[in-house]
Amino acid sequence: MLFISTAAHAQNHMVFLLRHAEKSAEPASDPGLTEIGTARAENLAVRLANAKPAAVFTSQYRRTQLTALPLAAASGISVTVVPIEKATAAEYPQQLLARICALPADASAVVIGHSNTIPAIAEAWTAHPVRPIADDEYNRILIIKLKDCHAVESLDLRY
């Protein structure tokens, strides 16, 4: 006799949220990374290798994309740019969440943003306050476990 469950399999996703690596001063409008920032981006690829991200999301700014490139290359995927604008910043966490929830079940994703966007994303998803990221703080990583597109666990760590 064959039994088929009618209950849907839970969609789980692990999301790693972090700020871009150390940025250079020039050009002021869209700086790249410093030498230390480039080394941090390469180290991030090693540290998150076992997470095997199915997607790496960044903003439209060079510093986020340059931070993401080594990890994306090591994972055999492309960086996905999700632009953020001041006028639509409040909608940004839900835009990212929709993209992450569209990934296959049990996939992980990495979101590389900014000192102001990463806490805002985590707060929007978890409904809990998140300590701000200081201007000179580049080593925090927020890890959020999603179940059926709802945050069920979160961690605030250093790397």
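Residues numbered from 1 in each chain as written. Predicted model: local features only at pLDDT ≥ 70, side-chain atom pairs only at ≥ 80, totals over all residues. Heavy atoms only, no water.

A.B. asks: It is not clear to me how the state of the cysteines should be interpreted in this structure. Could you clarify?
C.D. replies: As enumerated under the stated definition, the model contains 1 disulfide in all. One disulfide bridge connects cysteine 101 with cysteine 149, the sulfur atoms lying 1.9 Å from each other. Here cysteine 149 lies in the loop between strand S5 (140-147) and strand S6 (150-158) and cysteine 101 lies in helix H3 (residues 92-101), a separation of 48 residues in the sequence. A relative accessible area of 27% places cysteine 149 in the partly exposed class. (Disulfide = S-S within 2.5 Å. Helix = DSSP H or I, 4+ residues; strand = E, 2+ residues; numbered from the N terminus. Buried < 20%, exposed > 50% of the residue type's maximum accessible area, 1.4 Å probe, protein only.)

A.B. asks: Just checking my understanding: could you explain the side chain of serine 59 for this structure?
C.D. replies: Looking at where serine 59 falls in the secondary structure, it is placed in the loop between strand S2 (55-58) and helix H2 (62-75). Side-chain polar atoms of serine 59 contact the side chain of threonine 64, separated by 3.1 Å. A polar side-chain atom of serine 59 sits 2.8 Å from a polar atom in the side chain of histidine 114. Those residues in contact with serine 59 that lie beyond four places of it in its chain are Thr64, Gln65, Val81, Val82, Ile84, Tyr92, Ile112 and His114. (Polar contact = N/O pair within 3.5 Å; in protein donor to acceptor, adjacent residues only side chain to side chain. Contact = heavy atoms within 4.5 Å.)

A.B. asks: I tried to follow the layout of surface pockets on my own but got confused; where do I start?
C.D. replies: Take a probe with the size of a water molecule and roll it over the atoms, and the empty space left behind shows itself. Computed from the structure, the largest pocket encloses a volume of approximately 370 Å³. Contributing to the lining of the largest pocket are 18 residues, with Tyr61, Ile84, His114, Asn116 and Thr117 lying nearest its centre. Those elements that place two or more of their residues in the lining of the largest pocket are H3 and helix H4 (117-126). It is H4 that provides the largest number of residues to the lining of the largest pocket, a total of 3 residues. (1 Å grid on protein atoms, 1.4 Å probe; cavity = no way out; pocket = protein on both sides within 12 Å on 5 of 7 lines; lining within 4 Å. Points joined across faces, edges and corners; volume = space filled by probe spheres on them.)

A.B. asks: It is not clear to me how H2 should be interpreted in this structure. Could you clarify?
C.D. replies: Three or four residues apart is the spacing at which side chains of an α-helix point the same way, because the helix has 3.6 residues per turn. Here H2 spans 20 Å end to end across 14 residues, near enough to the 20 Å set by a 1.5 Å rise per residue. Bending of H2 peaks at approximately 35 degrees at the position of leucine 69, with proline proline 70 no more than four residues after it. By the burial criterion, the buried members of H2 are Arg63, Thr64, Thr67, Ala68, Leu71 and Ala72. In this structure, the buried residues of H2 make contact with helix H1 (35-47), S2, strand S3 (79-81) and strand S4 (108-113). (Expected span 1.5 Å × (residues − 1). Bend = angle between axes of the 7 residues up to and from the residue.)

A.B. asks: Explain unusual backbone geometry here, please?
C.D. replies: What is expected of a backbone is that most residues other than glycine have negative phi and most peptide bonds are trans. Cis geometry is found at the peptide bond from glutamate 26 to proline 27, where omega equals -15 degrees. Position of proline 27 among the secondary structure elements: in the loop between strand S1 (12-19) and H1. Non-glycine residue alanine 127 carries a positive phi angle of around 65 degrees. Within the fold, alanine 127 resides in the loop between H4 and S5. For alanine 127, a relative accessible area of 65% gives the class exposed.

Function cannot be read off these values alone, since they describe shape.
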